[in-house]
Amino acid sequence: MNTATVELSNVIYNAATQSFEALATVYDGGHSRRIACSINAPIDMNFEAAAHGLSKQALRRHAGHADLTSQRIDAPYPALRAGRASLKGPFDAFAMLRRLAA
């Protein structure tokens, strides 16, 4: 049984390609995955039908291998980040030049 849910954002109609485009976020268990979706459709298609087609494509790509995706895994530990070296005080350019000249 599929328990994945889909949230659509940035839904637009691209007149050049005559398609609805959206960024779909698929929530499945402890992680989420963002997938770029596009369906060919006329501009007068109602929004519910377009949203259903985009959601269906997002779920199909989530089950397989999607081309344009990003994934976020909710980890139980905080994200590790590279830190900056602590500064010992204000930077004195003239003192540095004096040391280099000596």
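Everything that follows concerns the structure shown earlier in this document.
Keep in mind that what you see is a predicted model, and the values were worked out from it rather than measured.

Caption draft 1: The arrangement of the packing of aromatic side chains in detail. One pass over the structure, following the stated rule, counts one aromatic pair. Relative to F20, the ring of Y13 has its centre 4.9 Å away and its plane inclined at 70°; by these criteria the two rings are edge-to-face. On the basis of relative accessible area, Y13 is assigned to the partly exposed category, the value being 24%. A relative accessible area of 9% means that F20 is categorised as buried.

Caption draft 2: Seen up close, the environment of A58. With respect to the helices, strands and loops of the structure, A58 is situated in helix α1 (residues 47-63). Since its relative accessible area comes to 0%, A58 is described here as buried. Not counting residues within four places of it along the chain, the set of residues in contact with A58 comprises V6, A24, V26, I35 and C37.

The rules behind each value
Residues numbered from 1 in each chain as written. Predicted model: local features only at pLDDT ≥ 70, side-chain atom pairs only at ≥ 80, totals over all residues. Heavy atoms only, no water. Phe/Tyr/Trp six-rings, centres within 6.5 Å; stacked < 30°, edge-to-face > 60°. Buried < 20%, exposed > 50% of the residue type's maximum accessible area, 1.4 Å probe, protein only. Helix = DSSP H or I, 4+ residues; strand = E, 2+ residues; numbered from the N terminus. Contact = heavy atoms within 4.5 Å.

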